[in-house]
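Topology and contacts: notes
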2 protein chains.
Amino acid sequence: MGVAMDSKIFNLKSKLEVYKAMPGGGNFADCPVRDVIQGISGKWSSLLVMALAEKPYRFGELRRLVPDISQRMLTQTLYDLQRDGYVHREVFPTKPPSVEYSLTDLGRSMFAPLQMLIQWAELNHYAVREARVAFDAAQA
Amino acid sequence: MGVAMDSKIFNLKSKLEVYKAMPGGGNFADCPVRDVIQGISGKWSSLLVMALAEKPYRFGELRRLVPDISQRMLTQTLYDLQRDGYVHREVFPTKPPSVEYSLTDLGRSMFAPLQMLIQWAELNHYAVREARVAFDAAQA
DNA sequence: GAGTGGTAGTCTCAAAATGAGACCAGCACT
DNA sequence: AGTGCTGGTCTCATTTTGAGACTACCACTC
């Protein structure tokens, strides 16, 4: 099973130590790794990063691509991604000025591991769905 | 086991196609991959999965390990993780009954790619922090 | 036998994040 | 003169989350 690869490849003496490793000195609450993870684990972040990994998109294109995101959250999520350095925002002086969003090098670098997770989800979403059904049936 | 994690298939012709690939036939909104990703991209999910990847923990231990999670969210996040099949919950009939949470095979399988992301965050959190500072300075 | 503490939670209320939708300015096209 | 497209912002309702009190049970101490 896919479990054995854990200790071999990654050599995690204490995984929590890695997660909470920080300069501050031991407080698990403000850990930089956790900070970064939470920055990309918002509801829409990974979805937008994934879209932009394919190619740059304009605001309206992204809105149409993800029909159930509100304009408000699209604006804000893109802003946050830009602030964290994953996304580049460029305004073109066309007649109605258009804005293009694209991944930065940092964004592309982050997308590599993110894609692993997406790939896992692609391969295993059925198992998750099954687990849910079984769980709900057991509860009832 | 139904857990699949082949290291192949890196050729994403259209990454969005993969993400939105679903039986329903084209609606980006209810995509199983996105559904799975959002299930593990909650604020506390990855943190708890990571903790449990180290070893099984009891409820109170997890609460002490993550001091800034509310008991309410700990209960609920563990419930959701259990429902999705990542976490196993076992009650021991000790005098005050104790409950142990552990990763299932599916959970361990999911942790492998998740760990890639964590590793990336560990290596690049400084760059993200820098980007934020630069962005905030530019805004001011 | 009264108090204290630890177990894993639930319940309630306030605060924060999010969703839904109206509104904006500017220009092109009809 | 009206309509549409651009990328937003603003307001308000709903949902989600946080903070903290509260529960039942038992063991242990005083």
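Keep in mind that this is a model prediction, so the values were computed, not measured.

Conventions we followed
Residues numbered from 1 in each chain as written. Chains lettered and ligands numbered in written order. Predicted model: local features only at pLDDT ≥ 70, side-chain atom pairs only at ≥ 80, totals over all residues. Heavy atoms only, no water. Helix = DSSP H or I, 4+ residues; strand = E, 2+ residues; numbered from the N terminus. Buried < 20%, exposed > 50% of the residue type's maximum accessible area, 1.4 Å probe, protein only. Contact = heavy atoms within 4.5 Å. Areas by Shrake-Rupley, 256 points an atom, 1.4 Å probe, with all protein chains shown as cover. 1 Å grid on protein atoms, 1.4 Å probe; cavity = no way out; pocket = protein on both sides within 12 Å on 5 of 7 lines; lining within 4 Å. Points joined across faces, edges and corners; volume = space filled by probe spheres on them. Nonpolar A, V, L, I, M, F, W, Y, C, P; charged D, E, K, R; others polar. Near = heavy atom within 4 Å. Polar contact = N/O pair within 3.5 Å; in protein donor to acceptor, adjacent residues only side chain to side chain. Axes fitted to C-alpha atoms, helices over the stretch in contact; angles between N-to-C directions. Parallel < 35°, antiparallel > 145°, perpendicular 65-115°, else oblique. Left-handed = near helix turned anticlockwise from the far one by under 90°. Pairing = 2+ DSSP bridges. Phe/Tyr/Trp six-rings, centres within 6.5 Å; stacked < 30°, edge-to-face > 60°.

**Regarding the overall build of chain A**
- Regarding its fold elements, chain A presents seven helices and three strands.
- The secondary structure elements of chain A, listed N-terminal to C-terminal, are α-α-α-α-β-α-α-β-β-α.
- Classification of the 140 residues of chain A by burial places 48% in the buried group.
- Nonlocal contacts in chain A, meaning residues at least 24 apart in sequence, comprise 38% of its contacts between residues at least 6 apart.
- Total accessible area computed for chain A in this model is approximately 7,100 Å², and 53% of it derives from carbon and sulfur atoms.

**Observations regarding empty space enclosed by the protein**
- Applying the stated criterion across every chain, the model contains two cavities of 30 Å³ or more.
- Quantified by volume, the largest cavity comes out at close to 150 Å³.
- Together, 14 residues line the largest cavity, and Ile-40, Ser-41 and Leu-117 of chain A together with Ser-41 and Leu-117 of chain B are the ones closest to its centre.
- When residues of the lining of the largest cavity are traced back to their parent elements, those giving at least two are helix 3 (32–40) and helix 7 (105–139) of chain A together with helix 2 (32–40) and helix 6 (105–139) of chain B.
- When grouped by side-chain class, the residues that make up the lining of the largest cavity number 10 nonpolar, four polar and no charged.

**Thoughts on the side chain of Ser-41 of chain B**
- Along the chain, the position of Ser-41 of chain B falls in the loop between helix 2 and helix 3 (45–54).
- In this structure Ser-41 of chain B comes out as buried when scored by relative accessible area, which is 12%.
- Excluding its chain neighbours within four sequence positions, the residues that come into contact with Ser-41 of chain B are Ser-41 and Gly-42 of chain A.

**Looking at the protein's contact with DNA strand D**
- Near DNA strand D lie 17 residues; those nearest to it are Gln-71, Arg-89 and Tyr-101 of chain A together with Arg-72 and Met-73 of chain B.
- Protein-proximal atoms of DNA strand D, defined as those within 4 Å of the protein, fall in sugar or phosphate at a share of 67%.
- A distance of 2.5 Å is found between a base nitrogen of DNA strand D and a side-chain nitrogen or oxygen belonging to Gln-71 of chain A.
- A distance of 2.3 Å is found between a phosphate oxygen of DNA strand D and a side-chain nitrogen or oxygen belonging to Arg-89 of chain A.

**Describing the packing of helix 3 of chain B against helix 6 of chain B**
All names here are of chain B.
- Packing of helix 3 against helix 6 brings their axes to within 11 Å, and their N-to-C directions diverge by 110°. Taken together, helix 3 and helix 6 sit at an angle that is classed as roughly perpendicular. Considering only the axes of helix 3 and helix 6, their crossing is left-handed. Contact residues: helix 3 offers Ser-46, Val-49, Met-50 and Ala-53, while helix 6 offers Met-110, Phe-111, Leu-114 and Ile-118.
- Grouping the amino acids of the contact of helix 3 with helix 6 by side-chain chemistry returns seven nonpolar, one polar and no charged.

**As for the packing of helix 7 of chain A against helix 6 of chain B**
- With their axes 10 Å apart at the nearest point, helix 7 of chain A and helix 6 of chain B run at an angle of 165° to one another. Viewed along their axes, helix 7 of chain A and helix 6 of chain B adopt a mutual orientation that is roughly antiparallel. As helix 7 of chain A packs across helix 6 of chain B, the resulting crossing turns out to be left-handed. Between helix 7 of chain A and helix 6 of chain B, the residues in contact are Leu-106, Ser-109, Met-110, Pro-113, Leu-114, Met-116, Leu-117, Trp-120, Asn-124, Ala-127 and Val-128 of chain A and Leu-106, Ser-109, Met-110, Pro-113, Leu-114, Met-116, Leu-117, Trp-120, Asn-124, Ala-127 and Val-128 of chain B, respectively.

**Points about the sheet that holds strand 3 (residues 98–103) of chain A**
Residues and elements named next belong to chain A.
- Spatial strand order, 1-3-2: three strands in an open sheet with antiparallel pairing. The strands lining the two open edges of the sheet, one partner per strand, are strand 1 (57–58) and strand 2 (87–92).
- With two bridges joining them, strand 1 and strand 3 adopt antiparallel strand pairing. Looking at the pairing, Tyr-57 lines up with Tyr-101 of strand 3.

**Topic: the pairing of strand 3 (residues 98–103) of chain B**
All names here are of chain B.
- Counting buried positions along strand 3 gives five out of six residues, so the element sits mostly inside the fold.
- Two elements, strand 2 (residues 87–92) and strand 3, share six bridges in a ladder whose sense is antiparallel. From the neighbouring strand, Phe-92 faces strand 3, where its bridge partner is Ser-98.
- The turn linking strand 2 back onto strand 3 is made up of five residues.

**Section: the packing of aromatic side chains**
- If you walk through the whole model with that rule in mind, you get four aromatic pairs over all chains.
- Considering the side-chain rings of Trp-120 of chain A and Tyr-86 of chain B, the 6.1 Å spacing of their centres and the 45° angle between planes classify their relative orientation as tilted. Of this pair, Trp-120 of chain A sits in helix 7 while Tyr-86 of chain B sits in the loop between helix 5 (71–83) and strand 2, each in a different chain. Taken as a pair, Trp-120 of chain A and Tyr-86 of chain B share a single burial class, namely buried.

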